[in-house]
Amino acid sequence: MSDPKNPVPGDQIIDASDIELVDITPEEIQKFLKIRDGIDKAMANVLRLKSTEIERAGLSPNDVQRAITLIKQYQRIEALLPAAEKLAEKLGETRALRAHEVNQLLGEIASQARRRGERDSKGGEIMGPLADLFDYQYGPARKSAATRAKANATPPQEDAPADNGS
């Protein structure tokens, strides 16, 4: 593991506390100017400017300093992003695995409790505290069975017209 201030993909600790993060909407992002090829050279060019060159070009020193600050923040974010993306990917994959493992165990626990509850004379006391687990585990099967039963049910036949003997 590397330094949290300078993480590499695969690190679990990322320190981005030096960056003021923002949360904006997708609509706002659509209005932003897009970065194009050559941005790195353009930023490097501004970072290399000397005060005499800034003065000679008639540039605002405040604007140049603000640009330098933003460029450094942008570069810092670029350095952190691969590690942060990998961390987010690993968190998502780990969450999926844990959900899978939890679901397997919930199924086993529900089966064990149900078998025990069906054999025991006090089955209600065994199964009662696990009602939410049973609803989760067996609810989809019950719903599916009810849907199948409803689909297989023959619709009531309408009364045949009475033969009035004519």
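Look up a bit, the structure's there.
Note that the coordinates shown come from a computational prediction; the quantities given were computed from them, not determined experimentally.

The rules behind each value
- Residues numbered from 1 in each chain as written.
- Predicted model: local features only at pLDDT ≥ 70, side-chain atom pairs only at ≥ 80, totals over all residues.
- Heavy atoms only, no water.
- Helix = DSSP H or I, 4+ residues; strand = E, 2+ residues; numbered from the N terminus.
- Rg over C-alpha atoms; globule rule 2.2 N^0.38 Å.
- Buried < 20%, exposed > 50% of the residue type's maximum accessible area, 1.4 Å probe, protein only.
- Core = buried A, V, L, I, M, F, W, Y, C linked by side-chain atoms within 4.5 Å.
- Contact = heavy atoms within 4.5 Å.
- Salt bridge = Lys/Arg side-chain N within 4 Å of Asp/Glu carboxyl O.

Visitor: So what exactly am I meant to see when it comes to the overall build of the chain here?
Guide: When you go through the chain residue by residue, the secondary structure sums to 6 helices and 0 strands. If you list the helices and strands of the chain from N to C, you get α-α-α-α-α-α. Computed over the C-alpha atoms, the radius of gyration of the chain is 33 Å, more than 25% above the 15 Å expected from 2.2 N^0.38 for a compact globule of 166 residues. Burial status across the chain gives 12% buried among its 166 residues.

Visitor: Looking at this structure, I do not really get the nonpolar core. What am I missing?
Guide: The nonpolar side chains of a soluble globular protein tend to be buried, and buried together. Counting residues in each nonpolar core, the largest one holds 5 residues, listed as Ala110, Ala113, Leu133, Phe134 and Tyr138. Among the secondary structure elements, those contributing two or more residues to this core are helix 4 (61-119) and helix 6 (131-152). Here this core takes 3 residues from helix 6, the largest share from any one element. Beyond its immediate sequence surroundings of up to four residues, Ala113 is in contact with Ile126, Met127, Leu130 and Phe134.

Visitor: I tried to follow the pattern of salt bridges on my own but got confused; where do I start?
Guide: Pairs can form between side chains of opposite charge once their charged atoms are near each other. Throughout the structure, instances matching the rule amount to 7 salt bridges. One salt bridge in this structure joins Arg76 and Asp18, with 2.8 Å as the shortest N-O distance. Residue Arg76 is located in helix 4, and its partner Asp18 is located in the segment before helix 1 (26-30); the two are separated by 58 residues in the primary sequence. On the basis of relative accessibility, which here comes to 16%, the residue Arg76 falls in the buried class. When its relative accessible area of 45% is taken as the criterion, Asp18 is described as partly exposed. The salt bridge partner of Arg115 is Glu108, with a shortest N-O separation of 3.9 Å. Judged by its relative accessible area of 39%, Glu108 falls in the partly exposed class.

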